[in-house]
Structures are given as structure tokens and as C-alpha cells.
Amino acid sequence: MFNQPYQPVTYKIGNGGPGYDPRNMGMPSMPMMPMMPNTTIVPPEVSSGSVMTPGGAVIQQTLPFTEQSFIENILRLNLGKIGTFYATYEGNREWNAKIFKGVLEAAGRDHIIISDPNTGQRTIILMVNFDYATFDEPLNYEYPYAPPSARR
């Protein structure tokens, strides 16, 4: 069974019309498609936010790009600020909550990086453990759909 040479399989598409095979447990077979040797079909490039029609055409969107209001985006707007970061570690016998203070250096989808301004030590906090943060200065925050008068 496993030592037999590879044989390409062809399929037919249909719902009871031409190409319907009742022996295939009531499922239609696919029509045979001509195969070109060494041919690769590449779908069109679709930029983020664009729409692709069922026929394969790409409709470019002309809406202005705005960041969505996710915590990592809000933190990215405030890189370089000193904050206090609270995290919870479930199931830890020594402690289950920890407080970190430092400069916000980076914010990713699943982590933040802070540094202690006195020692330079850097800490990575996973977002699954991150609870909240406090800052002693105003935060930069642009809600994606707020009118310009509501932005600071």
C-alpha cells in the first residue's frame, strides 16, 4: 500500500448535474481540472483592511489608518514614562501578586518591558499576568474614532 507510486487525484464539482457520482456517498465529485506541470498559482496580495471579492478581485480601502484601542497600543503611546505595573501570578506559593516600578520601554501584543531607572535592570511582564498600570503623569491616548476635540 505504501510502496505504490504517487497517483494524482482529480475531483469533480457539482450537485447532481453533470459530474455527479452517486457512488460517492451522495457527495458530488469535482470536474477534472487540467494541470499544468510545474505551475504555481499565487493569490493576489491583499493589504490589511482591504476586501477580496468571491471572484478574486481586491478592493482597496481608502479609509485612514487608525490604531485600535487595545492596551498594548495605549502603552505604546506612552513609552518612556515611569509607571507602576501590577501583575498576578496564579498558583505561585511564594506570592501571587507583584508590583513592578519602572520606565515603560516596549509594549507588544503579549508582553511589556520595563526598566528600573536606578539599576538599569529590565523586566518582561507577560500580558496574561498584567493586571493594570498607574502613572503619575498624564497619558497620551488617542481613541481611534474620537473627534479631534476629544483627543489629547
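Just so you know, these numbers come straight off a predicted model, no measurement behind them.

**Some remarks on the sheet that holds strand β6 (residues 122-126)**
Then, in step 1: One open sheet accounts for five strands, arranged β6-β5-β4-β3-β7; its pairing is antiparallel. Where the open sheet ends on each side, the last strands, each with one partner, are β6 and β7 (130-135). Across this sheet, the average inter-strand angle for adjacent strands is 45 degrees, counted without regard to direction.
Then, in step 2: The pairing of strand β3 (residues 82-88) with strand β4 (residues 97-107) spans seven bridges and is classified as antiparallel. Counterpart to F85 in the pairing with β4 is F100.

**So, the side chain of N73**
Then, in step 1: Looking at the secondary structure, you find N73 in helix α1 (residues 71-76).
Then, in step 2: A distance of 2.5 Å separates a polar atom in the side chain of N73 from a polar atom in the side chain of R76.

**Re the packing of aromatic side chains**
Then, in step 1: Overall, the coordinates contain three aromatic pairs when judged by the stated rule.
Then, in step 2: Seen in terms of ring centroids, F85 and F135 are 5.8 Å apart; in terms of plane orientation they differ by 90 degrees. Their pairing is edge-to-face. Of this pair, F85 sits in strand β3 while F135 sits in strand β7, and the two are 50 residues apart along the sequence. Summarising the burial analysis for this pair, F85 and F135 share the class buried.
Then, in step 3: Ring plane angle 85 degrees and centroid distance 5.2 Å describe the contact between Y89 and W95, whose orientation is recorded as edge-to-face.
Then, in step 4: The buried category is assigned to Y89, whose relative accessible area is 18%.
Then, in step 5: Above the face of the W95 ring, K98 is positioned so that its terminal group lies 5.4 Å from the ring centre.

**Quick word on the nonpolar core**
Then, in step 1: Core analysis: the largest hydrophobic core is formed by 13 residues, its most contacted members being L75, F85, F100, L104, I112, I114 and I125.
Then, in step 2: Those elements that place two or more of their residues in this core are β3, β4, β5 (111-115) and β7.
Then, in step 3: For this core, the element with the highest residue contribution is β4, accounting for three residues.
Then, in step 4: Those residues in contact with L104 that sit more than four places away from it in its chain are L75, N78, L79, G80, K81, F85, I112, I113, I114 and F135.

**Points about the pairing of β3**
Then, in step 1: Here β3 runs beside β7; their pairing, made up of five bridges, is antiparallel. Pairing of T84 across the sheet is with T134, part of β7.

**Some details on the environment of T119**
Then, in step 1: Inspection of the secondary structure assignment puts T119 in the loop between β5 and β6.
Then, in step 2: With a relative accessible area of 57%, T119 lands in the exposed category.
Then, in step 3: A distance of 3.2 Å separates a polar side-chain atom of T119 from the backbone nitrogen of Q121.

Scoring rules and cut-offs
Residues numbered from 1 in each chain as written. Predicted model: local features only at pLDDT ≥ 70, side-chain atom pairs only at ≥ 80, totals over all residues. Heavy atoms only, no water. Pairing = 2+ DSSP bridges. Helix = DSSP H or I, 4+ residues; strand = E, 2+ residues; numbered from the N terminus. Axes fitted to C-alpha atoms, helices over the stretch in contact; angles between N-to-C directions. Polar contact = N/O pair within 3.5 Å; in protein donor to acceptor, adjacent residues only side chain to side chain. Phe/Tyr/Trp six-rings, centres within 6.5 Å; stacked < 30°, edge-to-face > 60°. Buried < 20%, exposed > 50% of the residue type's maximum accessible area, 1.4 Å probe, protein only. Lys NZ or Arg CZ within 6 Å of the ring centre and 35° of its normal. Core = buried A, V, L, I, M, F, W, Y, C linked by side-chain atoms within 4.5 Å. Contact = heavy atoms within 4.5 Å.

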